[in-house]
Amino acid sequence: AQSVTQLGSHVSVSEGALVLLRCNYSSSVPPYLFWYVQYPNQGLQLLLKYTTGATLVKGINGFEAEFKKSETSFHLTKPSAHMSDAAEYFCAVSQYNQGGKLIFGQGTELSVKP
Amino acid sequence: EPEVTQTPSHQVTQMGQEVILRCVPISNHLYFYWYRQILGQKVEFLVSFYNNEISEKSEIFDDQFSVERPDGSNFTLKIRSTKLEDSAMYFCASSRLAGGQETQYFGPGTRLLVL
């Protein structure tokens with residue numbers, strides 16, 4: 001069965017510092033991996049996704065993530081945090097043979113200190 | 001930019017009452033989903049829907065739940081007899097095509113509180 005683990009329910013960084021949000025997955029077949037962001041009172045918005053090909057994926061707002069099969073990880077990074085990055089971030093996995101069902105991690109709330 | 005909309009944003013109901021949560025998916029999307037998030041827990045898949053049929057449902061989606069596309073634009077989730085444990089944020093999502101690689105676009109959610 002698929003599962004997703006996000007290490008750290010809360011992460012706090014200073015403005016301008018590196019953002020690193022961790023995601024590990026479990027999947028019996030090659031996974032498709034997603035990062036979604038949720039701002040207050042809004043829906044989940046896709047940041048980036050990995051399906052096939054290049055393992056380093058770039059998304060919106062300067063975020064990127066690297067698929068590492070050997071580590072079963074898909075960590076999200078951003079070189080320099082901005083106050084507007086404060087939100088909740090969700091990692092999710094799906095499989096080619098299970099339609100569109102997304103399995104989510106528990107989410108990581110990112111706060112950015114001035 | 002097209003977006004998924006949901007109504008109402010908040011719903012308070014008494015245990016045992018029926019509720020209908022409404023969603024308007026993106027107009028050219030063919031696949032529709034409901035997820036829920038109980039406070040402090042993960043976002044969980046409930047059901048997927050295509051061509052007026054349920055494609056897949058989770059074990060959470062029991063006989064108390066039903067989904068419908070009553071017209072060309074709305075997609076609804078009905079809970080027949082609400083329980084306290086149904087209190088959660090319910091998200092609707094849609095995608096243009098099927099498949100695990102497709103991006104799902106989420107609505108802002110309906111927060112349901114069952115008293």
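*Asks:* Any chance you could explain the interface of chain B and chain A here in plain terms?
*Replies:* Many authors give the size of an interface as the accessible area that is lost as the parts come together. Listed per partner, the contact involves 17 residues of chain B and 23 residues of chain A. In total, chain B and chain A occlude about 1600 Å² of area from one another, counting both sides; carbon and sulfur atoms represent 56% of this. Contact with chain A buries area across many residues of chain B, yet Lys42, Gly100 and Phe106 of chain B alone supply 30% of it, more than any other trio. Ionic pairing is found between Glu56 of chain B and Lys101 of chain A, a salt bridge with its closest N-O pair at 3.2 Å. Counting every contact that joins chain B to chain A gives seven residue pairs in polar contact (both at pLDDT 80 or more). Broken down by secondary-structure element, the contributors of at least two residues to the side of chain B that touches chain A are β4 (31–37) and β5 (43–50) of chain B. Element by element, the count of residues in the side of chain B that touches chain A is highest for β4 of chain B, at three residues. For the side of chain B that touches chain A, a count of residues per class yields seven nonpolar, seven polar and three charged.

*Asks:* Just checking my understanding: could you explain the sheet that holds strand β1 (residues 5–7) of chain B for this structure?
*Replies:* Consider a sheet: its strands pair through backbone hydrogen bonds, and that pairing is either parallel or antiparallel. Residue and element names in this part refer to chain B. Strand order in the open sheet formed by four strands is β1-β3-β8-β7, with antiparallel pairing between adjacent strands. At either end of the open sheet lies a strand with only one pairing partner, and these are β1 and β7 (65–68). In this sheet, adjacent strand axes meet at a mean angle of 20 degrees when their direction is disregarded. One ladder, built from three bridges, connects β1 with strand β3 (residues 19–24); its direction is antiparallel. By the bridge assignment for β3, Thr5 is matched with Val24.

Rules of the game
- Residues numbered from 1 in each chain as written.
- Chains lettered and ligands numbered in written order.
- Predicted model: local features only at pLDDT ≥ 70, side-chain atom pairs only at ≥ 80, totals over all residues.
- Heavy atoms only, no water.
- Contact = heavy atoms within 4.5 Å.
- Buried area = accessible area lost by both parts, 1.4 Å probe.
- Salt bridge = Lys/Arg side-chain N within 4 Å of Asp/Glu carboxyl O.
- Polar contact = N/O pair within 3.5 Å; in protein donor to acceptor, adjacent residues only side chain to side chain.
- Helix = DSSP H or I, 4+ residues; strand = E, 2+ residues; numbered from the N terminus.
- Nonpolar A, V, L, I, M, F, W, Y, C, P; charged D, E, K, R; others polar.
- Pairing = 2+ DSSP bridges.
- Axes fitted to C-alpha atoms, helices over the stretch in contact; angles between N-to-C directions.

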